[in-house]
Amino acid sequence: MRFLKLIWRKYTLLCILILTSLPITLLGWAGKNTIYSGYEYKPAEKPLLALVLEGIHDGVYPWEMVIKEKAEDAKEKPAEEKEEAAQGTSAPEQTAEGASSEETDTPAESKTEKPADTASEGKEEKPADAASEGKEEKPADAAAESKEEAKDAGKEEAGTEISQEADESAEVEQIEVLPSNAIHGDPDKIPEGVCNPVMQAEDYGVVNVAFLSPDDTEYNTDTEGMFAKNGIYYKLQPVEQDYFKDALFIGDSRTVGLCEYGSLKETAAFLAKESINVYNVLDKELRYTDFDGESWDSTVEETLERETYGKVYVNLGVNELGIGTTYMYYEKYRELLELIRAYQPDALIFIQGIMHVSYDKSSSDSCRNNTVISQRNYSISTLANGRDIFYIDMNPYVCDEDGDLYEDYSGDGIHLKAFAYEYWDRSLLENAIVYETAQ
Amino acid sequence: MILFNSLKFIFRFFPIFLAVYYLTPARFREIILFFGSIIFYAMGTGRMALALIGLTLINYFLGKLVFSRKTGNVKSSSRKAFIAAMVIDVGSLVLFKVLAGFTRDVVLPLGFSFYLFKMISYQADLFRGEIKRQPEILDTVVYFTMFTQVTQGPIMRYNNVGFEKRERTVSVKAFNDGMFFFVLGLGMKVLVADPLSILWNEISKIGYESISTPLAWMGAVGYSLRLYMDFWGYSLMAAGIGMMLGFHFVVNFMHPYWAYGIADFYRRWHTTLGSWFRDYVYIPLGGSRKGRLRTALNLIVVWLLTGLWHGITPNYLIWAGVLVLLILWEKFVAARLMDALPILGHLHVWFLIPLTWVIFAIPDVNGILSYFQRLFPFFGSGINVNRGDYIKQMINYWPYLGAGLMLCTPHWYRLIVKNRRRMPVMIIMAAVFWISVYRIVIAASNPFMYFSF
């Protein structure tokens, strides 16, 4: 005892550090196979206590160990769900470190669960209301109505059950009063000019295949629902700035930049935040900047519920380049679009292809490279139906012939410099959709 | 090589090393230190360990020849050996620098030149007879390879590392103080310097031509603080580790931002590098004893070398050139005025040093010009400037800027160092340690944390 006292008196700081690290290490050891099982533990590299700290960062607290045990005993569902959700958030980070494809399975499992809830919730409650409201309020202008119905025909997807008959009658009407610039074509293939082609890029052989999906992966093969093509298309065309006065841009830090430095900041509304990706976009509060420049924090669902937009632009994909596979990204993206459609039945949805990165990045980074980006862009481009969902690609405006972002346009190889946002603006202004009223 | 501010070092290498070191009888500890150091380098890049061992042995054997000089006349074999050692050491230094400048691959880790600096000083000290006793091989290799000095110095001298007395014992006080300085340095590096480096990254992301003038100044100050905290923090960590092993505390920074003028700043900034250049370049060239013109010329040589040593992009040369001009201006023009009005010297430091760091930070000349146009906007307006950009950055970075500015004054540092053995300070240090470890863990599990898009 006296010896310990002496040690304490002599080496106080050392004792404090050792005494504090012991309980944390014990917690890490205790939870290693339960609540921290999603984290990588390499004994040679990092101490057990790192698991606890990582957990705290992801909102997995040590006391959840106890809750979990209780939950298992009593088979209490909520606690388990919470636990799983927590694992879900941690797992993608693990893959970001370049985990094997084996490990990437975990996020897929836990991920499908949560979003499905939110999506179905939205489907059940919202869309029906919104749709009916919209119809009631709008003037019985023939053109407007037919437009609506035309779109409706393709987008009952929202989950509202439309009877077979109603569906058919809608289709009949739609063919009669389509906007004059509608093109009729092959339902299997979107004609040229309706969407932007996905820009290809040079492959520098550094890609980590854990972030890709096999080349023969089939993405959207829907023949019905909101993503199906039905043979009616509209072509992209140039517009003026005021086209965006009912547009909402949803995205990550790149969209933050567009809001701060793009010319559309005075026209459009923005909902964006740094580090947002398709996996967390619905869980977090983003910064909303309204049409009049006022701004506040808001979630995606709050925003979509509060206001009606004519166009919704989505730009997500750079933060999740090191998370999961292309197919997982595609699925999440699809769910997000479903949610947007549920709240905004009449909006045009624009899928913006992920902007490429510079040569320096693309030739050295195993996940943030243009090979992964091109594959992911291809996957989301299949969600476009050419009727009310479009794929647009800004890359030709900012990339060289190898598909690399011009070095001069970017300070970090990933974001546009302030002056270069005008190229993004231009790509938006030159690739818009207008339904021209039929005479 | 592993970084001091990594989990691998803090929780694996160092505790194990310390335990082994102290369980070994004092007279064998140098062997432990040598093998520990080699493991330390080999854990990162094996290449570095090999190059280091090779150069160490060459220098030891050449050093033996250099030492063979008797008092009075210089033996020609000693001179030849000295020249050979210089050719090898300086040659490798130049080679690594040039390779690092031209290839995209990192040939050798950043800190390698510090070893060569040590080797050069060792040979010069031997040649000049400043090392009195024929060094033993173990002392020499330990001196060269000691892991307590990595990427950023301090550059220790053979004489003042304490190799004179053989069996090194560590006092309880020194051990505790070493630990205190390690934690303090860790906090500076991880909690202040690292966040501030993101601010600089934000500014380059926007593009220098598009930042508002307040943000440009914030960036200049932020970058200066970041460099200081990074460098000083790392030096303190190294010094602390040294103390825990029984070496003297090596001073590398003496509150440079409290200096009276630019010349004084560089006497206090990275002093081991500064005094190395003084003792092995400036004074051998004649120092300031051969008239004004020669002094100016010697200063230019020293700064040219300092600039080139940092890198071979034009900004380092401009940086060094500007500093020479400022130092000459102080020395020959403003000296009397500055003596009369010490605040003038302070103002020099606070106003001009951040501007010189901006030059240091931006590799291309056009970038430097754009940045200065934003700092002094009367030379033209920026492109697509968002006038309110600094507000957003201020909201994010004021705590780090504030902490950095506080540590620029000697007062806070002295206060905390003076009370380092008191309980409240120890509790604060424990908190600093854990918050730092937390940040390191998060950064390690998510390498993109600092650059989340």
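Source: prediction; values computed, not measured.

Draft legend 1. Region of the structure containing the overall build of chain A. Of regular secondary structure, chain A possesses 15 helices and 9 strands. Looking at chain A residue by residue over its 439 residues, the buried ones come to 46%. Across chain A, every contact between residues at least 6 apart in sequence was considered, and the portion connecting residues at least 24 apart equals 74%.

Draft legend 2. Geometry of the overall build of chain B. The number of helices and strands found in chain B is 17 helices and 0 strands. Looking at chain B as a whole, 45% of its 453 residues qualify as buried. Summarising the internal contacts of chain B: among those between residues at least 6 apart in sequence, 74% fall at separations of at least 24.

Draft legend 3. Local environment of the interface of chain A and chain B. Taken together, the contact between chain A and chain B spans 35 residues of the former and 33 residues of the latter. Of all the secondary structure elements, the ones that give two or more residues to the side of chain A that touches chain B are α2 (12–31), α3 (49–57), α5 (77–96) and α9 (253–261) of chain A. Of all the elements, α2 of chain A adds the most residues to the side of chain A that touches chain B, at 6 residues. Each residue belonging to the side of chain A that touches chain B can be placed in one class, and the counts come to 15 nonpolar, 9 polar and 11 charged.

Draft legend 4. Expanded view of the sheet that holds strand β7 (residues 311–315) of chain A. All names here are of chain A. In spatial order, the strands read β6-β5-β4-β3-β7-β8-β9; together these 7 strands make up an open sheet with mixed pairing. For this open sheet the edge positions go to β6 (295–298) and β9 (389–392), each flanked by a neighbour on one side alone. The mean angle between the axes of side-by-side strands here comes to 20 degrees, regardless of whether they run parallel or antiparallel. α9 rests against β3 (247–251), β4 (269–272), β5 (286–289) and β7 of the sheet, and its axis sits at about 150 degrees to β4. Relative to the sheet, helix α11 (residues 326–343) contacts β7, β8 (348–352) and β9, its axis offset from that of β8 by approximately 160 degrees.

Draft legend 5. Inspection of the nonpolar core at higher detail. With 224 residues, the main nonpolar core has Ile351 and Phe390 of chain A as its most contacted residues. Sequence-distant contacts of Ile351 of chain A, that is, excluding residues within four places in its chain, are made with Val314, Ile380, Ser381, Leu383, Ala384, Ile389, Phe390 and Tyr391 of chain A.

Draft legend 6. Geometry of the confidence of the model for chain B. All names here are of chain B. Of the residues in chain B, 89% reach a pLDDT of 70 or more, and the chain-wide mean stands at 85. Confidence drops under a pLDDT of 50 for residues 447–453, and excluding neighbours within four residues, the segment shows 19 contacts in the predicted structure. Across the predicted assembly, pTM comes out at 0.80 and ipTM at 0.78.

Draft legend 7. View of the environment of Gly367 of chain B. Residues and elements named next belong to chain B. Note on placement: Gly367 falls in helix α14 (residues 365–375). With 19 C-beta atoms packed within 10 Å, Gly367 lands in the partly exposed category. Separated by 52 residues in sequence, Gly367 and Asn315 have C-alpha atoms that sit 9.9 Å apart.

Draft legend 8. Looking closely at the packing of helix α7 (residues 172–206) of chain B against helix α8 (residues 213–244) of chain B. All names here are of chain B. Packing of α7 against α8 leaves a shortest axis separation of 6 Å and a crossing angle of 155 degrees. The angle between the axes of α7 and α8 places the two elements in the roughly antiparallel class. Every pair of crossing elements has a handedness; the one defined by α7 and α8 is left-handed. A breakdown of the residues in the contact of α7 with α8 according to their chemical character gives 26 nonpolar, 8 polar and 4 charged.

Draft legend 9. The packing of α8 of chain B against α14 of chain B, seen in detail. Viewed as axis vectors pointing N to C, α8 of chain B and α14 of chain B meet at an angle of 115 degrees, and their least axial separation amounts to 7 Å. Only Tyr371, Arg374 and Leu375 of chain B of α14 of chain B make contact with α8 of chain B, whose side of the interface consists of Thr213, Ala216, Trp217 and Ala220 of chain B.

Draft legend 10. Helix α5 (residues 112–127) of chain B, seen in detail. Residue and element names in this part refer to chain B. The end-to-end C-alpha distance of α5, which contains 16 residues, comes to 23 Å, matching closely the 22 Å that a straight helix rising 1.5 Å per residue would cover. Burial runs high along α5: 16 of the 16 residues are buried. Positive phi shows up at Gly129, right after α5, with a value of about 80 degrees.

Draft legend 11. Expanded view of the confidence of the model for chain A. Residue and element names in this part refer to chain A. Residue-level pLDDT values for chain A average 79, and 74% of them are 70 or greater. Confidence drops under a pLDDT of 50 for residues 76–163, and excluding neighbours within four residues, the segment shows 134 contacts in the predicted structure. For the stretch residues 165–170, pLDDT sits under 50, and the model shows 5 contacts to residues farther than four places along the chain or on other chains.

Draft legend 12. Structural view of the pairing of β9 of chain A. Residues and elements named next belong to chain A. Side chains Ile389 and Tyr391 of β9 all project onto a buried face; the interleaved residues Phe390 and Ile392 project onto the opposite face, where all are buried too. Where β8 meets β9, 4 bridges bridge the pair, whose relative direction is parallel. From the neighbouring strand, Ile349 faces β9, where its bridge partner is Ile389.

Draft legend 13. Structural detail: the pairing of β7 of chain A. Residues and elements named next belong to chain A. Across the 5 residues of β7, 5 count as buried, placing the element largely inside the fold. In β7, alternate side chains face the same way, and those of Lys311, Tyr313 and Asn315 on one face and Val312 and Val314 on the other are all buried. Sheet topology places β3 next to β7; 5 bridges connect them, and they run parallel. Its bridge partner lying in β7, Phe249 is registered against Tyr313. Two strands pair when backbone bridges link them, and β7 and β8 are joined in this way by 4 bridges, in the parallel orientation. Bridge pairing in β8 places Tyr313 opposite Phe350. The parallel pair β7 and β8, bridged by α11, forms a crossover whose chirality is right-handed.

Draft legend 14. Main features of unusual backbone geometry. Here Ser275 of chain A, not a glycine, exhibits a phi torsion of approximately 70 degrees, which is positive. Tracing the backbone shows Ser275 of chain A in the loop between β4 and β5. Despite not being glycine, Asn384 of chain B shows a phi value in the positive range, around 50 degrees. Considering the arrangement of structural elements, one finds Asn384 of chain B in the loop between α14 and α15 (389–408).

Draft legend 15. A look at the environment of Thr24 of chain B. Relative to the helices and strands, Thr24 of chain B is located in the loop between α1 (7–23) and α2 (29–42). Ignoring sequence-local partners within four residues, the contact set of Thr24 of chain B consists of Arg29 and Ile32 of chain B.

Each value, and the rule that gives it
Residue numbers here run from 1 along each chain, matching the order of that chain's written sequence. For naming, the first written chain is A and the first written ligand is 1, with later ones following in the order written. Residues qualify for local features only when their pLDDT is at least 70, as the model is predicted, and side-chain atom pairs are given and counted only at 80 or more; totals for whole chains, interfaces and linings, by contrast, use all residues. Numbered from the N terminus, helices here are DSSP runs of H or I no shorter than four residues, and strands are runs of E no shorter than two. Counting other C-beta atoms within 10 Å of a residue's own tells you its class, since 20 or more makes it buried, 12 or fewer makes it exposed, and anything in between is partly exposed; those C-beta atoms are placed from the backbone. Throughout, a residue-residue contact means that the two C-beta atoms, derived from backbone geometry, are no farther apart than 7 Å. Throughout, the ten residues Ala, Val, Leu, Ile, Met, Phe, Trp, Tyr, Cys and Pro are labelled nonpolar, Asp, Glu, Lys and Arg are labelled charged, and all others, Gly among them, are labelled polar. Note: two strands are recorded as paired if DSSP finds a minimum of 2 bridges between them. In this analysis an axis means a line fitted to C-alpha atoms, helices contributing only their contacting stretch, and an angle means the value between N-to-C directions, from 0 to 180 degrees. Joined through C-beta atoms within 7 Å, a set of buried Ala, Val, Leu, Ile, Met, Phe, Trp, Tyr and Cys residues constitutes a nonpolar core. The predictor's confidence in any single residue is recorded as pLDDT, a number from 0 to 100. An angle counts as roughly parallel when it lies under 35 degrees, as roughly antiparallel when it exceeds 145, as roughly perpendicular when it falls between 65 and 115, and as oblique in every other case. Helix crossings fall into two classes, left-handed where the near helix is turned counterclockwise from the far one by less than a right angle and right-handed where it is turned clockwise. One fewer than the residue count of a helix, multiplied by 1.5 Å, yields its expected span. The path from the first strand over the helix to the second decides the hand: if it runs clockwise while the strands point away from the viewer, the crossover is right-handed.

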